[in-house]
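Working through the structure, step by step
Listed here are the chains, written in short residue letters.
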Amino acid sequence: SQRSVQVSSPEEALALGVPPDYAGDIALLSSRLSGCCSELEHPLMLTRFLTFQGNRAGAEAMVRETITWRRDFALPSLMREWGEPDGAGAWRYRPQTERAALAQRHFCGARLPVRTRSGRPLVVARAGHLDVEGIIREGMQPLMMNSFVFVMEDLMQADHAASV
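Predicted model only: the values in this text are computed from it and were never measured. (Residues numbered from 1 in each chain as written. Predicted model: local features only at pLDDT ≥ 70, side-chain atom pairs only at ≥ 80, totals over all residues. Heavy atoms only, no water.)

**What to know about the overall build of the protein chain**
Helices and strands together make up the secondary structure of the protein chain, namely eight helices and four strands. When its C-alpha atoms are laid out on the principal axes, the protein chain stretches across 55 × 35 × 25 Å. Per-residue burial for the protein chain yields a buried fraction of 39% across its 164 residues. Split by element, the accessible area of the protein chain, about 9300 Å² in all, is 54% carbon and sulfur. Charged side chains of the protein chain number 18 positive and 19 negative; the gap between the two group centres comes to 4 Å. (Helix = DSSP H or I, 4+ residues; strand = E, 2+ residues; numbered from the N terminus. Buried < 20%, exposed > 50% of the residue type's maximum accessible area, 1.4 Å probe, protein only. Areas by Shrake-Rupley, 256 points an atom, 1.4 Å probe, with all protein chains shown as cover. Lys, Arg positive; Asp, Glu negative; His and termini not counted. Charge placed at Lys NZ, Arg CZ, Asp CG, Glu CD.)

In structure tokens, the structure reads:
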């Protein structure tokens, strides 16, 4: 889990790399969401929600919905079952249980241990190699969804780690 970082002024947000157009809204969001969820309350993470939603109210609602989803989905447990922290703010896809290992053998995507030229994480998804009929026949859809969620969370955390 990442260390929580809050800001109380636009100047503090700017000092952490928040673009000037968003610094005031991020300072307000940071104070309203303080203590909610350390993985999401970093000002640069909040900036992702704000730029996606286009307004502070929408961003706050989306963060709160995401917190609820992460809790209901038991995301921390899933991440520990499917992998291990990589020491740089993201995860390694290293199954810790038999069911996670089974899913890994049949899943078609993962974040590569390299970055794009712009420094972003790189994911390869070979969807054409996914045996959809076999996955359905064997009732493996929940395992594939867990694998997908693991990769998406890892991607989000890797991108965040690259930005701080």
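**Some details on the packing of helix α6 (residues 98–106) against helix α8 (residues 141–163)**
At a minimum axis distance of 9 Å, the contact between α6 and α8 shows a crossing angle of 80 degrees. What the angle tells us is that α6 and α8 run roughly perpendicular. Note on element contacts: α8 touches α6 through L143, M144, N146 and S147, opposite R99, L102, A103 and H106. A class-by-class count of the residues in the contact of α6 with α8 yields four nonpolar, three polar and one charged. (Axes fitted to C-alpha atoms, helices over the stretch in contact; angles between N-to-C directions. Parallel < 35°, antiparallel > 145°, perpendicular 65-115°, else oblique. Contact = heavy atoms within 4.5 Å. Nonpolar A, V, L, I, M, F, W, Y, C, P; charged D, E, K, R; others polar.)

**Remarks on the packing of helix α3 (residues 43–53) against helix α4 (residues 56–72)**
One can describe the packing of α3 onto α4 by two numbers: an axis separation of 8 Å at closest approach and a directional angle of 120 degrees. In terms of axis orientation, α3 runs oblique to α4. By crossing handedness, the relation of α3 to α4 is classed as right-handed. Within the contact between the two elements, α3 uses L46, F49, L50, F52 and Q53 and α4 uses R56, G58, A59, M62, V63 and T66. Per-class residue counts for the contact of α3 with α4 are seven nonpolar, three polar and one charged. (Left-handed = near helix turned anticlockwise from the far one by under 90°.)

**Focus on the environment of T116**
Following the sequence through the fold, T116 ends up in the loop between β3 (109–115) and β4 (121–125). Other than its neighbours up to four places away in sequence, T116 contacts P121 and L122. Within polar-contact distance, the side chain of T116 engages the side chain of S118 at 3.1 Å. (Polar contact = N/O pair within 3.5 Å; in protein donor to acceptor, adjacent residues only side chain to side chain.)

**Topic: a nonpolar patch on the surface**
A contiguous nonpolar surface patch, about 260 Å² in accessible area, is contributed by L112, V114, L122 and V124. At the level of elements, β3 and β4 are the ones that each hand at least two residues to the nonpolar patch. Following the sequence through the fold, L112 ends up in strand β3. On the basis of relative accessibility, which here comes to 30%, the residue L112 falls in the partly exposed class. (Patch = residues over 30% accessible without salt bridge, like charges linked within 9 Å, V, L, I, M, F, W, Y side chains within 5 Å. Salt bridge = Lys/Arg side-chain N within 4 Å of Asp/Glu carboxyl O.)

**A few points about α4**
The end-to-end C-alpha distance of α4 is 24 Å, a good match for the 24 Å that 17 residues give at a rise of 1.5 Å each. Every buried residue belonging to α4 is among G58, A59, E60, V63, T66, I67 and R70, and all of these are buried. Where α4 is buried, its residues meet α2 (23–32), α3, α5 (75–82) and α8. A74 occupies a position one or two residues after α4 and carries a positive phi of about 55 degrees. (Expected span 1.5 Å × (residues − 1).)

**Comments concerning unusual backbone geometry**
With phi around 55 degrees, A74 is a residue other than glycine that occupies positive phi space. Its location among the elements puts A74 in the loop between α4 and α5. Looking at A74, the relative accessible area reads 34%, which means it is partly exposed.

Geometric values such as these leave the question of function open.
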